[in-house]
Amino acid sequence: MLNKITPSVYYSSNNDAKERPTLGLVCGDKYSLVIDSGNSVQHAQDFLREVDALNVPPG
């Protein structure tokens, strides 16, 4: 689950049990920036699915 800090900044909390670090997302007008992609391909895919649900640029 992504937590909203400001209208353009989100993060997902770390999960020590699954060895998942905190991940970030900064949304701009034309592009968005993912900060840290996680510890595995699956973790990155899970995070990006949540990002897609937000419908942020370049979506």
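The coordinates are above.
Report on the accompanying structure.

Here's the deal with helix α1 (residues 41-54)
A rise of 1.5 Å per residue sets the reference length of α1, with its 14 residues, at 20 Å; its end C-alpha atoms lie 20 Å apart and thus fit the reference within 8%. Listed in full, the buried residues belonging to α1 are His43, Ala44, Asp46, Phe47 and Val51. Projected down its long axis, α1 shows its buried positions confined to an angular sector of 160 degrees, all on one face. Projecting away from the buried face of α1 at angles above 90 degrees are the exposed residues Val41, Asp52 and Ala53. Where the residues of α1 are buried, they touch β1 (2-6), β2 (9-12), β3 (23-27) and β4 (32-35).

Notes on the nonpolar core
Formed by Leu2, Tyr10, Leu23, Leu25, Cys27, Phe47, Val51 and Val56, the largest nonpolar core amounts to 8 residues. Those elements giving two or more residues to this core turn out to be β3 and α1. When residues in this core are grouped by element, the largest group, 3 residues, is from β3. Beyond its immediate sequence surroundings of up to four residues, Leu2 is in contact with Tyr10, Tyr11, Ser12, Phe47, Glu50, Val51 and Leu54.

The rules behind each value
Residues numbered from 1 in each chain as written. Predicted model: local features only at pLDDT ≥ 70, side-chain atom pairs only at ≥ 80, totals over all residues. Heavy atoms only, no water. Helix = DSSP H or I, 4+ residues; strand = E, 2+ residues; numbered from the N terminus. Expected span 1.5 Å × (residues − 1). Buried < 20%, exposed > 50% of the residue type's maximum accessible area, 1.4 Å probe, protein only. Arc of directions from axis to C-beta. Contact = heavy atoms within 4.5 Å. Core = buried A, V, L, I, M, F, W, Y, C linked by side-chain atoms within 4.5 Å.

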